[in-house]
Structure formats: C-alpha cells, structure tokens
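Here's the letter readout for the chains.
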Amino acid sequence: MIVTIGTRGDVQPYIALGQALMESGNEVTICTCAHFEPFIRENSLGYAYVNNDFIDFMHTPEGKIILGNAGTACKETAPDLILYHMKAVEHVSQHNMVQTISF
C-alpha cells in the first residue's frame, strides 16, 4: 500500500511507481483522497479511501497560513540545506528565502 495526501502532483508519481511495481508482479493499492479514486482506478491500481477533508482544508485561508508557516521555520533556523516539496514551502520560495539547486 502506498499512502499519499495532497494534490495531483503528490499522487501522480505514486501512480507511476505503482504501475512499475505491478509490472514486476506486485499488487498495489494507493490510499489517498477520494477525489483521486477515478484517476487511480483508470491506471489499473487498487484504491483505498481517505476523505477529502485535508485537500479541502489546504485550499482555505487557514490552510494556506499553515503551509506558509514553513517559511518562518526556515528563517528562524537558517539551515545550510533544505530539502522540500514545492507545495510545502511555496510561500518561502516565492519570496526568495530559500536558494534552490536543480539536479
């Protein structure tokens, strides 16, 4: 079972991984928001239910504040390196508080 929560960008890579695992003989189920059930099933993977509360919350003003708090943590601790998912610190990268390196 693969568990992921978030938007399509959080789910889609696991669909690709799930398909590769299936090709090698594994049974794969992705557990994520109900919003993505059709997308997962269209790709011949199993689906396990999670309600849409989290994804709905992420799009509220309060959810955006919580996601923006990652920027405060980055500023306060001043780490040498930050590994992150773009959505997790979108606010930070928009204000050039984090230097990013592409590989």
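So, here's what we can say about the structure.

Reading the values: rules and limits
- Residues numbered from 1 in each chain as written.
- Predicted model: local features only at pLDDT ≥ 70, side-chain atom pairs only at ≥ 80, totals over all residues.
- Heavy atoms only, no water.
- Helix = DSSP H or I, 4+ residues; strand = E, 2+ residues; numbered from the N terminus.
- Buried < 20%, exposed > 50% of the residue type's maximum accessible area, 1.4 Å probe, protein only.
- Areas by Shrake-Rupley, 256 points an atom, 1.4 Å probe, with all protein chains shown as cover.
- Phe/Tyr/Trp six-rings, centres within 6.5 Å; stacked < 30°, edge-to-face > 60°.
- Lys NZ or Arg CZ within 6 Å of the ring centre and 35° of its normal.
- Polar contact = N/O pair within 3.5 Å; in protein donor to acceptor, adjacent residues only side chain to side chain.
- Expected span 1.5 Å × (residues − 1).
- Arc of directions from axis to C-beta.
- Contact = heavy atoms within 4.5 Å.

The next thing to look at is the overall build of the protein chain. Helix and strand counts for the protein chain stand at five helices and three strands. Overall, the protein chain shows an N-to-C arrangement of helices and strands of β-α-β-α-β-α-α-α. Taken over 103 residues, the protein chain has a buried fraction of 27%. When the accessible surface of the protein chain is summed, it comes to about 7,100 Å², and 55% of that surface belongs to carbon and sulfur atoms.

Each aromatic ring pair is characterised by the separation of its centres together with the angle its planes make. One pass over the structure, following the stated rule, counts zero aromatic pairs. When the ring centre of Phe39 is taken as origin, the NZ or CZ atom of Arg8, which lies over that ring, is 3.9 Å away.

Of note, Asn26 is situated in the loop between helix 1 (8–23) and strand 2 (29–33). A distance of 3.0 Å separates polar atoms of two side chains, one belonging to Asn26 and the other to Ser24.

With 16 residues, helix 1 should cover 22 Å at 1.5 Å per step; its first-to-last C-alpha distance of 22 Å lies within 8% of that length. Of the positions making up helix 1, those classed as buried are Asp10, Val11, Ile15 and Gly18. Projected onto a plane normal to the axis of helix 1, the buried residues spread over an arc of 130° and lie on a single side. Looking at the buried positions of helix 1, the neighbouring elements they touch are strand 1 (2–3), strand 2 and helix 2 (37–42). Phi turns positive, to about 95°, at Gly25, one or two residues after helix 1.

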